[in-house]
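# Fold and geometry: a report
Read off the chains here:
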Amino acid sequence: MSWTSPSSCSRARARLSLITSHSCIQDRRRRSSRPVPRHLVAAGADEVLVCRDARLARPDAEVFAHWICDLARAFRPEVILYGATAFGRELAPGVAVRLKTGLTADCTVLAMDPETGLLQQTRPAFGGNLMATIVCPAHRPQMATVRPGIFAAPAADETRAGEIRYVTLDASVAPRVRVVDAEPVGAGRSIADAERLVVVGRGIGSKKNLAVARRLADALGAELGCTRPLVEAGWLEYPHQVGQTGVSVAPKLLVSLGVSGAIQHLAGIGGAQTVIAVNEDAEAPIFGAAHYKVVGDCIEVAEALIDALA
Amino acid sequence: MHIVVCVKAVPSTTEVKMDPETHTIVRDGRASVINPFDATALEVALAIKDARSAAGERTRVSVMSMGIPDTERLLRDCIARGADDALLLSDRAFAGADTLATTYALSCGISQLDEAVDLIVCGKMAVDGDTAQIGPELAGAFEMPCITDVQEQPVVCGRILWARRACDGGRETVEVDLPAVITVAKDAAQLRMPSIPGVLAAEAAPVAVKTAADVDADTSRTGLAGSPTQVVRSFVPERSQEAVAIEGSPAEQAAALAALIEEGCR
Amino acid sequence: MVDIKPMTAEYEAYLRDESRSTGDAQSISFPRDEQEIREVLTSIAAASEHVPVTVQGARTGLAAGAVPAGGHIMNLSRANRYLGLRRDDAGTYYLRMQPGVILSELRRHLANKTLPTDGWDRESLAVLKHMYDGPEQFFATDPTEISACMGGMAACNASGARSYRYGPMRPHISALRVVLANGDVLDLPRGAVRATGRHLVLTTEGGRAIELDLPTYTMPSTKNASGYFVEDDMDAVDLFIGSDGSLGVISELEVALMPVPTVTWGVSCFFADEAQAVDFTVAARPALSDAAAFEYFDAQALNILRRQRTASTAFSSLPALDDAWGCCVYVELACDGESQALADLARLRNVLDEQGGSAERTWVARTDTDRETQRFFRHAVPESVNMLIDERRRTDARITKLGSDMSVPDDRLRDVIELYRTGLAEAGLESAAWGHIGNNHLHVNVLPRSMADYEAGKELFGAWAAQVSAMGGAVSAEHGVGKLKRDFLVAMYGEDHVREMARVKLALDPFCQLGRGNLFDPHLCEGGA
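Fair warning: this is a prediction, and the values are worked out from it, not measured in the lab.

## Description of the domain arrangement of chain C
Residue and element names in this part refer to chain C.
- The domain architecture assigned to chain C consists of domain 1 (5-75), domain 2 (83-259), domain 3 (261-379) and domain 4 (486-526).
- Each of domain 1 and domain 2 was reduced to a C-alpha centroid, and the two centroids are 22 Å apart.
- Both faces combined, the contact of domain 1 with domain 2 buries some 1100 Å², and carbon together with sulfur accounts for 64% of it.
- Area buried by domain 1 at its contact with domain 2 is led by E34, L41 and T60, which between them contribute 42% of it.
- Counting every contact that joins domain 1 to domain 2 gives four residue pairs in polar contact (both at pLDDT 80 or more).

In structure tokens, the structure reads:
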């Protein structure tokens, strides 16, 4: 979450503050933990506001909303941005209604209008069939939740300097939702993190052809995803579902087999860098979202590709 | 117990065509439908009502919508399926509302009901707007706790509601004291069809229609006037690239793909 | 030029149809138009072998009509173009097409206004624009299997749930073009050529006259797809509709369209037992103004659905069925105004109340979502049974679907149900029944647990064929006789009348090539009947 200071006319340098309730994050690759505030400064924050409070241990949207509203009233930011995670998307409206300001959900493009100094917030509507650009001219802060995976994380610059301040949470704030039981998502990695994905659709023909898709995924070092009809048919479980009501993915490589390309599915693959689509139907909508178009029997091509990669 | 279900009328399809000349959305003239997520919300409320009446406890399910006069037909359909009463907030002053202004209008409608509300059920999002903001904003407006993205039929026992919800970490089961707001995922339940007596009785049932004045709404906070955000541009996203066709026999195609993939690795 | 290809492993799938039986063939072709159909037939004739030619559409038939009995397979799936559109003075639209047009595609194009018009003349295009500007049109015949193609549907005179109101495909066909076994062509617009009594003279486009003595039997008054359609002074086109590919190859057909009813509501009514469901049907049929369909699902069918719903994710979106609900009658109301539909709904309530107040046990589908749920529910029944048969087949590969397709007149509905139930109980067979109760036409499916069950089921159906015929019914109401029900046809009409049919066939197909094995045993054709 971040904001800029009030006097942000386009010429003045905007001030970026990040707020966090975490004292450290796990770096999976290096298997170490790094202090968050320093990490955020290295990533570009001018200031980091940190609050350590037991009431912030769980992502409780009401508690966090009260906290952010208090900070907003004290610091009067121009803009507040949130990641459009499940938590971000329930937290931000709680702030918006209490501050009586505007909020744009799930932005995929952000820009500053040089003339007006307003934040231009572009987001998909109608399941991705329409894009809308939205501004919040008279209310402050301007707020948006931003779709994860669209913007690359900035490279760390350890030489950057920034201020780290500790703030507190008002004593009257209390969580009202009690967690009875938690079920973390599957033991394996979420396909949302995968760098390579093989995504299968109904065009693979039958459940037994999943075996070929899995072999291709193994050969590519990829995870396996699928479209919604396959989950509904019981061929794969819900964590594999890619699309508007499933997982949004942004892999470097996505190989799509037998997927026709319903708009709700395409909404989940917009972040993929390279899409190779294989489908028998030359007119399949998936080809509109692909970088490479292979018209043919997807199982035959998959098997041939497994051989070619060996 | 009094449950309010907020429903929105949405186009029957989300396939959008832009008129190339006017840059406005071409309406296909098909009738609006209940937002599928809100249909689930209604079923969730009706199922709570069924469970409570099996235990001899009275529950009233009210449906509410902010919309054009035609929305009355959809509210009547909700009554056919088992809702006890319906309220349509309809006024030119409500038109053009963003989520903040919509939340304000709905909150005025809810505040004006003749019975205190114990539970507000909303669909997680609308299939046209996709914002998923109304539920949490309504909760904030009433300072009620909000449970979002409920995945299965929740259970109410006394003044406690249990629900299983999706969150970033996976799923969790939570409990909260009423009054509260919950938003539901589309597949959490399937809206029951009405019976013959339900349809016939709904034909005669009253659907209250109220204006901004009727619900004491300040029109500077409703509709376009009350919306902090405005759309400055809408467009149908263009395909930014034409896919490169890979021709040949499956073996030839595979060889070309393997080469591309290897290259991409570097 | 169209290829006559030798049968190789690549074409193995074409040896089968939905009846799950397999045939054999030596060659196959995929003609794309009438000219190519004629080329294939004349070149086969020129080779002077007069091999059998089995015509196929989408191979969705259930009576093995498309299963080849040696020789050549002529598959028409690539002859799938739309040819033109005209409109008559009464405002009815007639769409001309090739036989390979698929029903689901036709429906999609009519709904989305996307009919392909390549090669259409200016007049057709003008009529099309007129049609698109007006109320949405549809094609009334609705077999459950929508991947069927129109030529095949015409060849077996297909029916569906809505045949209760609209009849089978027959009355909606306004013209056919038929290619005979020697390549001659018959152009048959409805109304152009009629029989005199039972004598019919057909003239090919080449000028050759063919004289036919039509069979002398009287067809039952019920829904019927058993054998050739014949009646006094009949229209020539009707001889070929429902002829199971045995008289000629349909190379083009023209069908009438109708405006879509503005209001379509589906009402599922649940009953504790079958007797109540039948009483309801008998009472409701005359009471309603706008019923388009009456469909039945018995208790065993609903139980299979209940099991599937919990067993398989694909069926989990089926609505839950209260345990107390035994069987179901589905009534479809189609009319032009909500007030009419509400009036019929009130009449339904009265009928249900008179029966003992089960009006609460109903589902009324008025929205696209609900109609889709109901449609899925109705189609899940035969699908679930297929899955169950597939499971059973693992114990014995010879076990296959065994479903009856017989109809009786209205006043014999209770009798035929009694016949079915008594027979099944006496034979100790497991079964599930569903179908077009409005037309007294139920599909009783035997679920064989063993080969012994299977044989017993076949025997039972044979007995029913005779008894249903005696009741004035039809042994095949919609699937056609094909190869699998030849015996039933004999039971229905007797050997003499079947020989009469064979003589008609020989007059049109002297070497008994087309659809050999369909309708009658081939030996009836050899050496002249």
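## Re the interface of chain A and chain B
- Contact with chain A, which involves 71 residues of that partner, is made by 71 residues of chain B.
- Across the interface of chain A and chain B, roughly 5800 Å² is buried in total on both sides, 57% from carbon and sulfur atoms.
- Connecting chain A to chain B are seven salt bridges.
- The partner of D187 of chain B in a salt bridge is R228 of chain A, with the nearest N and O atoms 3.9 Å apart.
- Linking chain A with chain B are 27 residue pairs in polar contact (both at pLDDT 80 or more), by the criterion used here.
- The element best represented in the side of chain A that touches chain B is helix α3 (residues 86-99) of chain A, accounting for nine residues.
- Its residues assigned to classes, the side of chain A that touches chain B shows 40 nonpolar, 16 polar and 15 charged.
- With five bridges joining them, strand β10 (residues 130-135) of chain A and strand β13 (residues 230-235) of chain B adopt antiparallel strand pairing. If you follow I134 of chain A over to β13 of chain B, its bridge partner there is V231 of chain B.

## Details of the pairing of strand β14 (residues 263-271) of chain C
All names here are of chain C.
- The buried fraction of β14 is high, at nine of nine residues.
- Summarising the sheet, β14 and strand β16 (residues 327-335) pair through nine bridges and their orientation is antiparallel. From the neighbouring strand, C269 faces β16, where its bridge partner is V329.
- Two strands pair when backbone bridges link them, and β14 and strand β17 (residues 362-365) are joined in this way by four bridges, in the antiparallel orientation. If you follow C269 over to β17, its bridge partner there is T362.

## A short note on a negative patch on the surface
Residues and elements named next belong to chain A.
- A cluster of acidic residues, E280, D281, E283, D297 and E300, forms a negative patch at the surface.
- Assignment of secondary structure puts D297 in the loop between β18 (292-295) and α7 (298-309).
- Take D297: its relative accessible area is 30%, and that puts it in the partly exposed class.

## Here we look at the side chain of N518 of chain C
Residues and elements named next belong to chain C.
- Positionally, N518 belongs in the segment after α14 (495-508).
- Residue class for N518 comes out buried when judged on its relative accessible area of 2%.
- Polar side-chain contacts of N518 include one of 3.1 Å to the backbone oxygen of G65.
- A distance of 2.7 Å separates a polar atom in the side chain of N518 from a polar atom in the side chain of K483.
- In contact with N518, not counting residues within four places along its chain, are A64, G65, D244, G482 and K483.

## Observations regarding the sheet that holds strand β4 (residues 72-75) of chain C
Residues and elements named next belong to chain C.
- Taken together, the four strands give an open sheet; going across it, the order is β1-β2-β4-β3, and neighbouring strands pair in mixed fashion. Each having just a single partner strand, β1 (5-6) and β3 (53-56) make up the two edges of the open sheet.
- Summarising the sheet, β3 and β4 pair through four bridges and their orientation is parallel. Note that in β4 the partner of Q56 across the bridge is N75.
- Together, β2 (27-29), β3 and β4 form the strand contacts of helix α1 (residues 34-46), whose direction differs from that of β4 by roughly 170°.

## Looking at the interface of chain C and chain B
- The interface of chain C with chain B comprises 23 residues on the first partner and 13 residues on the second.
- Counting the surface lost from both chain C and chain B, the interface buries some 1500 Å², and carbon and sulfur atoms represent 59% of this.
- The interface formed by chain C and chain B contains two salt bridges.
- With its nearest N and O atoms 3.0 Å apart, the salt bridge here joins D77 of chain B to R366 of chain C.
- One can count four residue pairs in polar contact (both at pLDDT 80 or more) joining chain C with chain B.

## As for the domain arrangement of chain A
All names here are of chain A.
- Along its sequence, chain A is organised into domain 1 (17-166) and domain 2 (191-309).
- Just the C-alpha atoms count here: the centres of domain 1 and domain 2 sit 32 Å apart.
- Between domain 1 and domain 2, the contact holds five residues from the first and five residues from the second.
- When domain 1 packs against domain 2, the two sides together hide about 430 Å² of surface, and 46% of this comes from carbon and sulfur.
- Taken as a group, G127, N129 and R147 account for 67% of the area that domain 1 buries against domain 2, more than any other trio of residues on that side.
- The interface formed by domain 1 and domain 2 includes zero salt bridges.
- The interface formed by domain 1 and domain 2 contains zero residue pairs in polar contact (both at pLDDT 80 or more).
- Of the residues in the side of domain 1 that touches domain 2, the class split is no nonpolar, three polar and two charged.

## A few points about the packing of aromatic side chains
- For the coordinates displayed, the defined rule picks out 17 aromatic pairs over all chains.
- Both rings, one in F64 of chain A and one in F87 of chain A, keep their centres 5.1 Å apart while their planes meet at 85°; by these two values the pair is edge-to-face. Here F64 of chain A, found in helix α2 (residues 61-75), pairs with F87 of chain A, found in helix α3; they are 23 residues apart in sequence, far enough to count as distant.
- Residue F87 of chain A is classed as buried on the basis of its relative accessible area of 14%.
- Between Y14 of chain C and F30 of chain C, the ring centres sit 5.4 Å apart and the planes meet at 75°, which makes this aromatic pair edge-to-face. Taken together, the residues span a long stretch of sequence, with Y14 of chain C in the loop between β1 and β2 and F30 of chain C in the loop between β2 and α1 at a distance of 16 residues. Neither residue differs from the other here; Y14 of chain C and F30 of chain C are each classed as buried.

## With respect to the pairing of strand β16 (residues 253-257) of chain A
Residue and element names in this part refer to chain A.
- β16 sits mainly inside the fold: five of its five residues count as buried.
- Burial along β16 is two-sided: the face carrying L253, V255 and L257 and the face carrying L254 and S256 are both buried.
- Relative to strand β17 (residues 274-279), β16 runs parallel, the two sharing five bridges. Directly across from L257, in β17, lies its bridge partner V278.

## What about the packing of helix α13 (residues 486-493) of chain C against α14 of chain C?
Residues and elements named next belong to chain C.
- Look at α13 against α14: their axes get within 7 Å of each other, and the N-to-C directions meet at 115°. Residues L489, V490 and Y493 of α13 form the contact with α14, whose own contacting residues are E495, H497, V498 and M501.
- Considering only residue class, the contact of α13 with α14 consists of five nonpolar, one polar and one charged.

Cut-offs applied
Residues numbered from 1 in each chain as written. Chains lettered and ligands numbered in written order. Predicted model: local features only at pLDDT ≥ 70, side-chain atom pairs only at ≥ 80, totals over all residues. Heavy atoms only, no water. Domains from an automatic or database assignment. Buried area = accessible area lost by both parts, 1.4 Å probe. Polar contact = N/O pair within 3.5 Å; in protein donor to acceptor, adjacent residues only side chain to side chain. Contact = heavy atoms within 4.5 Å. Salt bridge = Lys/Arg side-chain N within 4 Å of Asp/Glu carboxyl O. Helix = DSSP H or I, 4+ residues; strand = E, 2+ residues; numbered from the N terminus. Nonpolar A, V, L, I, M, F, W, Y, C, P; charged D, E, K, R; others polar. Pairing = 2+ DSSP bridges. Buried < 20%, exposed > 50% of the residue type's maximum accessible area, 1.4 Å probe, protein only. Patch = residues over 30% accessible without salt bridge, like charges linked within 9 Å, V, L, I, M, F, W, Y side chains within 5 Å. Areas by Shrake-Rupley, 256 points an atom, 1.4 Å probe, with all protein chains shown as cover. Lys, Arg positive; Asp, Glu negative; His and termini not counted. Charge placed at Lys NZ, Arg CZ, Asp CG, Glu CD. Axes fitted to C-alpha atoms, helices over the stretch in contact; angles between N-to-C directions. Phe/Tyr/Trp six-rings, centres within 6.5 Å; stacked < 30°, edge-to-face > 60°.

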